[in-house]
Amino acid sequence: MFAQNNFSKSRMELFLSKNINVLKTKLGNYYIFDSLCGNLTKINKDMFFLINNFNNKINFNEEKIKKAKDFLVKNHFLIDKNYDELENLKKNFKKYLKESKSGEFVSNLRLNLSQSCNCACKYCYVSKIDALKDNCFMSWNVAKKAVNKFMEMAKKNMLKKVTIRFFGGEPLLNLFVFKKSVEYSSKLSKKYGIRINYLLNTNGTLVSEEISKFIYKNKITIVLSLDGLEKEHNRNRIFRDGGGTFNDIDENLNTFLKFKNKVVISTVVTPETNITDFKKFIDYLKSKGIKHLGTLPMQTYVKKGNSKKKAEKIVNLLIESKKYGLKKGVIVKGPWELLFVKLTHPSFSYCGGIGKEFSISPKGEIYPCCAILRKLGTIENMEKIPSNKEYEALLRRSIPFLKKCRGCEIEAICSGGCAAEAEHVYNDINSPSPDCYLRKILVKKMIVEDNPKIFLE
């Protein structure tokens, strides 16, 4: 991502990158990263001394200082005075844009089988977007055509592995198309030699032994929404008549597990989520034999003031639950960890919704994800989408083109955050996500923990 600097250049031709960030950890170590390229690196005392005294008189011939300087040059924290980091990113983005036109980045297909749901979760902005039309279900004809086009494009780009996710609303309300889509996709998987990773997002209230057997047979990972124990969960996740859904889900979870299905619990944490109760929830999952818990912070509350304390509470809960899960044998993860991944593996955008996924509506319209109202095309012209203007405009929702993010200490690590949240709150996909403060303190908190392994595994 960066051009190499010449180690032989003199001190007068080098300067500290203005994008440097240095943090001291709980264990007394120092980490450094660049807001435009990540490159999280643990540094020693000599490097720390050099960074803090670079503009003072230092004997650069001293061996340990010379080694520190060479290391910082090699890792682009000391750069040539003529080197423009932002312009370098723009040049690399042009290459990225050129590569994208074949469709090789599109590896995820999301089939929104239903815009209807039997639940009325209080914070579900997706259901508000879809307006909960009771009869708006994807037909088998639309699903088949979407799968065909997607797999043909994957074959053309020589992809070896793709993901097909079944989503809604509640996808199990459209059970016939769900089953047909899996069976048909599996045939194409064998035909093209492309491995398919199946995901089913469900509220867990519509389960039978027949469904459970089918899911196990086809090796589908279940992503089941459960927001804690009964009181916590029923605060937001309710049926349309206002009744809580916890007891139904608890019973149906047993049905899934009875047939040895892989279940990942998906939990939305809010400022009201209590860490003590959440640890009890992890204990409950452990007792069920659940090994994977995905946590997602509810972020739209930060549109107007009074957000800092709430954001800090959520960040602490995410980190503490991660550590507690490790002790209990429950892997606690979430998309929020992408921030740490990008510290060591930079990318232009924050998530797969920016160019890597095609989300298909019941009518066959294609969107970046189920929550971004930016139509890219239809299943009829799927193969042409990667080369059209709408797709390119979507890809440009990334660093280095988000002007409102310019100069932020986590500019490229965050890359504007969640585009769907930005659109939902500000009605502008090119605005930074409304959880800016949360993301900043989360990045720092993960680094200060001084245990990179737990956020990368």
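Every chain is numbered on its own, with residues counted from 1 as its sequence reads. It should be noted that, the model being predicted, local features are given only for residues of pLDDT at least 70 and side-chain atom pairs only at 80 or more, the latter also being counted only at that level, while totals for whole chains, interfaces and linings use all residues. Water and hydrogen atoms were dropped before computing side-chain values, which therefore reflect all heavy atoms in the structure.

### So, the packing of aromatic side chains
Two rings from Phe, Tyr or Trp (for Trp, the six-membered ring) form a pair when their centres sit within 6.5 Å of each other. Planes less than 30 degrees apart are called stacked, planes more than 60 degrees apart edge-to-face, and all others tilted. If you walk through the whole model with that rule in mind, you get 15 aromatic pairs. Here the aromatic rings of Phe278 and Phe281 are separated by 5.7 Å at their centres, their planes lie at 55 degrees, and the arrangement is tilted. Taken together, the residues span about one helical turn, with Phe278 and Phe281 both in helix 10 (residues 275-288) at a distance of 3 residues. Each residue is assigned to one of three classes by its accessible area relative to the maximum for its type, calculated with a 1.4 Å probe on protein chains only: buried under 20%, partly exposed between the two thresholds, exposed over 50%. What makes Phe278 buried here is its relative accessible area of 2%. Plain terms: the ring middles of Phe358 and Tyr391 are 6.4 Å apart, the flat faces sit at 85 degrees to each other, and that makes the pair edge-to-face. Highlighted residues: Phe358 in strand 13 (residues 357-360) and Tyr391 in helix 13 (residues 389-395), separated in sequence by 33 residues. With respect to class, Phe358 is no different from Tyr391; both count as buried. Each helix is a run of H or I in the DSSP string that is no shorter than four residues. Each strand is a run of E no shorter than two, and both are numbered from the N terminus.

### Notes on the side chain of Arg110
Secondary-structure assignment places Arg110 in strand 6 (residues 108-112). At 2.7 Å, the side chain of Arg110 and the side chain of Glu357 are in polar contact. Contacts described as polar in this section are N or O atom pairs within 3.5 Å, which, within protein, must combine one atom able to donate a hydrogen with one able to accept it, while residues neighboring in sequence count only if both atoms come from side chains.

### Thoughts on the packing of helix 5 (residues 140-156) against helix 6 (residues 175-192)
The axes used here are C-alpha line fits, helices contributing only the stretch in contact, and every angle between their N-to-C directions lies in the interval 0 to 180 degrees. Interhelical geometry of helix 5 versus helix 6 gives an angle of 25 degrees and a closest axis separation of 10 Å. Considered as vectors, helix 5 and helix 6 are oriented roughly parallel to each other. Relative to helix 6, helix 5 is oriented so that their crossing is right-handed. On the side of helix 5, the interface is formed by Trp140, Ala143, Lys144, Val147, Asn148, Met151, Glu152 and Lys155, while helix 6 contributes Phe176, Val177, Lys180, Ser181, Tyr184, Ser185, Leu188, Ser189 and Tyr192. Split into classes, the residues belonging to the contact of helix 5 with helix 6 amount to 9 nonpolar, 4 polar and 4 charged. Roughly parallel here means an angle under 35 degrees, roughly antiparallel means over 145, roughly perpendicular means 65 to 115, and every remaining angle is called oblique. Note on convention: the crossing is left-handed when the near helix lies turned anticlockwise from the far helix by less than a right angle, right-handed when the turn is clockwise. Any pair of residues with heavy atoms lying within 4.5 Å of one another is described as a contacting pair. Each residue is assigned to one class: nonpolar for Ala, Val, Leu, Ile, Met, Phe, Trp, Tyr, Cys and Pro, charged for Asp, Glu, Lys and Arg, and polar for all the others, Gly among them.

### Considerations on the side chain of Ser361
Checked against the element boundaries, Ser361 lands in the loop between strand 13 and strand 14 (365-367). Ignoring any residue separated from it by four or fewer positions in sequence, one finds Ser361 in contact with Asn112, Met138, Val142 and Tyr367.

### Here's the deal with the layout of surface pockets
In this approach a probe as big as a water molecule rolls over the atoms, and the regions it shows empty are the leftover space. Of the two site types, the cavity is a set of points on a 1 Å grid over the protein atoms alone where a 1.4 Å probe fits but cannot get out, and the pocket is an open set with protein on both sides within 12 Å along at least five of seven lines, each lined by residues with an atom within 4 Å of a point. Grid points are joined across faces, edges and corners, and a volume is the space filled by probe spheres set on the points. In this structure, the second largest pocket spans a volume of roughly 330 Å³. In terms of lining, the second largest pocket is formed by 13 residues, of which the most central are Ser186, Ile196, Tyr198, Asn218 and Lys219. Those elements that place two or more of their residues in the lining of the second largest pocket are helix 6 and strand 8 (195-202). Sorting elements by how many residues they give to the lining of the second largest pocket places helix 6 first, with 5 residues. Looking at side-chain class alone, the lining of the second largest pocket contains 2 nonpolar, 5 polar and 6 charged residues.

### Some thoughts on the pairing of strand 7 (residues 161-167)
In terms of residue burial, strand 7 counts as a mostly covered element, since 5 of its 7 residues are buried. By this definition, two strands are paired if DSSP reports at least two bridges between them. Pairing analysis gives 5 bridges linking strand 6 to strand 7, with the strands arranged parallel. Opposite Asn108, over in strand 7, you have Thr163 as the bridge partner. In terms of strand pairing, strand 7 meets strand 8 through 6 bridges, oriented parallel. Along strand 8, the bridge assignment pairs Val162 with Ile196. Throughout, right-handed denotes a crossover for which the path from the first strand over the helix to the second runs clockwise when the strands point away from the viewer. The parallel pair strand 7 and strand 8 is bridged by helix 6, and the resulting crossover is right-handed.

### Digging into the nonpolar core
To define a nonpolar core, start from buried Ala, Val, Leu, Ile, Met, Phe, Trp, Tyr and Cys residues and group those joined through side-chain atoms within 4.5 Å. Ranked by internal contacts, the top residues of the largest apolar core, which has 111 residues, are Leu111, Phe178, Phe358 and Ile360. The leading source of residues in this core is helix 5, at 8 residues. Contact partners of Phe358, with chain neighbours within four places excluded, come to Val106, Asn108, Leu109, Arg110, Met153, Ile366, Tyr367, Leu376, Met382, Ile385, Pro386 and Tyr391. Counting 15 residues, the second-largest nonpolar core is a separate cluster that includes Ile32, Met47, Ile51 and Leu78.

### What to know about unusual backbone geometry
The omega torsion across Gly168 and Gly169 is 20 degrees, close enough to zero to call that bond cis. In this fold, Gly169 is placed in the loop between strand 7 and helix 6. Of note, the amide linkage connecting Ile399 to Pro400 takes the cis form, showing an omega dihedral of 20 degrees. Relative to the elements of secondary structure, Pro400 occurs in the loop between helix 13 and helix 14 (411-414). At Lys260, a residue that is not glycine, the phi angle is positive and equals roughly 60 degrees. Along the chain, Lys260 falls in the loop between helix 9 (246-258) and strand 10 (263-269). With relative accessibility at 67%, the residue Lys260 sits in the exposed group. One non-glycine residue, Asp450, adopts positive backbone phi at about 60 degrees. The topology assignment puts Asp450 in the loop between helix 16 (436-448) and helix 17 (453-456).

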